[in-house]
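Listed below are the residues making up each chain.
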Amino acid sequence: MSRFLNERMSRMIPYVSGEQPQDKKYIKLNTNESPYPPSPAVFEAVSTAEISDLKLYPDIQARKLRTAIAELYGVETENVLVGSGSDEVLMFAFMAFFDKKRQAVFPDITYSFYDVWAKLFDVPYEVKPVNDDFTINAADYLNCGKNVILANPNAPTAIAMSVERIEKIVAANPDNVVIIDEAYVDFGGESCVPLTKRYDNILVVQTFSKSRSMAGGRLGFAIGNKELIADLDRVRNSTNPYNIDRLIMAAGTAAIESNDYYMENCKKIIETRKYAAKRLWKMGFEMTESSTNFLFVKSDKIGGLELYGELKKRGILVRNFQKPRIADYNRITIGTFEETKIMLDTIEEILSE
Ligand SMILES: *Cc1c(COP(=O)(O)O)cnc(C)c1O
């Protein structure tokens, strides 16, 4: 820290992402990326012509991309905002809708960026403990007088909540915004996008980073009522109006236009997840029911941090959170079938030693 850092940033405890070590090649099952490459259409879209045009600013409205997303999800272009990763979209939402009067509420075990933004923007927040089985108690969020943020399916617990329950939360908080972070919805969750047509207080956020093989491209979007989207756009135009670069705009549009390719990959990942769950179960692991591209597992035979360390020694990265209630768990991303098999064989080997 320099002596010039302002008070606000001195107080911050920044978000900590999963490690990206460069010392050797790991089987990377720690940050929930897709093991599959982008679709062939994406490779074509990032053409030399597009690279030549990098000299010009990108479309500030991102029209083509927003329209492609709108068509896929059955909404209007004006119902879509795009951001540099869903992280930027969520940050815009914090800047637009939260303050001391509209405070935040979210579960104690969830995406660990929510409390970082709350602190960054001086938003008081409340955390509601999830149940012992890590499910979210929907009743905790009824008439709560605060803006609600839920990851659905939740991370790192992998558990999905039904749209029916979320609708109750949305309906019971008409004077607050309910943000549903659907980073993992394509792996078995149920999307709340249809609710955005009937309620003016729900914002659905999705990302290209997990199911669409584009974590390195940084692209995310929000779908909601036109007024909510216009509010987010006001924040975007006040901070980073050209937030999507030309290459990613072209890549993202091509990705949406080749949606089938990605949905096939999701099916493969779901199959591999079932195979992994079965084998881990046989090894005596406990786990939550996953609707995501990862498993959240623990074993009585080995501590969470110990298993993480033993796997890392053998070239496999998984994610362990040294946090209350979940320190004994590991979050294991589902890779290709081959990677997953190596991970499972390696865990068997570790347990037999
Ligand atoms: C990965 C993830 C994000 C962030 O995604 P980006 O689009 O890469 O910024 C947001 N929320 C949850 C729950 C995630 O798991």
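The model shown is predicted, which means the values in this text are computed figures rather than measured ones.

Chemist: Any chance you could explain the overall build of the chain here in plain terms?
Modeler: On a plain count of helices and strands, the chain comes out with 12 helices and 12 strands. The C-alpha atoms of the chain give 20 Å as radius of gyration, which agrees with the globular expectation for 353 residues (20 Å, within 12%). With the C-alpha coordinates aligned to their principal axes, the bounding extent of the chain is approximately 60 × 50 × 50 Å. Contacts spanning at least 24 positions in sequence make up 73% of the contacts within the chain whose residues lie at least 6 apart.

Chemist: When you look at the pairing of strand β12 (residues 330–333) in this model, what are you seeing that I'm missing?
Modeler: On any regular strand, side chains alternate: one points to one face of the sheet, the next to the other face. Burial along β12 is two-sided: Asn-330 and Ile-332 facing one way and Arg-331 and Thr-333 facing the other are all buried. By the bridge criterion, four bridges tie strand β10 (residues 294–298) to β12 in an arrangement that is antiparallel. Each residue of the ladder has a partner; that of Leu-295, found in β12, is Ile-332.

Chemist: What is the right way to look at the sheet that holds strand β9 (residues 286–287) in this model?
Modeler: Think of a sheet as strands paired side by side through backbone hydrogen bonds, with each pair either parallel or antiparallel. One open sheet accounts for three strands, arranged β9-β10-β12; its pairing is antiparallel. Each of the sheet's edge strands pairs with one partner strand only, and the pair in question is β9 and β12.

Chemist: When you look at the side chain of Asn-173 in this model, what are you seeing that I'm missing?
Modeler: Relative to the helices and strands, Asn-173 resides in the loop between α7 (163–171) and β6 (178–181). Here the side chain of Asn-173 touches Cys-144 through a polar contact of 3.0 Å, landing on its backbone nitrogen.

Chemist: Would you mind showing me how to read helix α4 (residues 63–73) here?
Modeler: Because an α-helix packs 3.6 residues into every turn, residues spaced three or four apart end up facing the same way. Within α4 the residues assigned to the buried category are Leu-65, Arg-66, Ala-68, Ile-69, Ala-70 and Tyr-73. On its buried face, α4 is in contact with β2 (80–83), β7 (202–207), β8 (220–224) and α9 (246–257).

Chemist: Is there a simple way to think about the site of the ligand in this case?
Modeler: Looking at the ligand, the residues that line it are Gly-85, Ser-86, Asp-87, Tyr-111, Asp-181, Ala-183, Tyr-184, Thr-207, Ser-209, Lys-210 and Arg-218. Within the contact set of the ligand, an oxygen atom lies 2.5 Å away from a side-chain nitrogen or oxygen of Thr-207. Here the ligand has 390 Å² of accessible area as a free molecule, and 92% of this is covered by the chains. When residues in the shell around the ligand are grouped by element, the largest group, three residues, is from helix α5 (residues 85–97).

Thresholds, definitions, all that
Residues numbered from 1 in each chain as written. Predicted model: local features only at pLDDT ≥ 70, side-chain atom pairs only at ≥ 80, totals over all residues. Heavy atoms only, no water. Helix = DSSP H or I, 4+ residues; strand = E, 2+ residues; numbered from the N terminus. Rg over C-alpha atoms; globule rule 2.2 N^0.38 Å. Contact = heavy atoms within 4.5 Å. Buried < 20%, exposed > 50% of the residue type's maximum accessible area, 1.4 Å probe, protein only. Pairing = 2+ DSSP bridges. Polar contact = N/O pair within 3.5 Å; in protein donor to acceptor, adjacent residues only side chain to side chain. Near = heavy atom within 4 Å. Areas by Shrake-Rupley, 256 points an atom, 1.4 Å probe, with all protein chains shown as cover.

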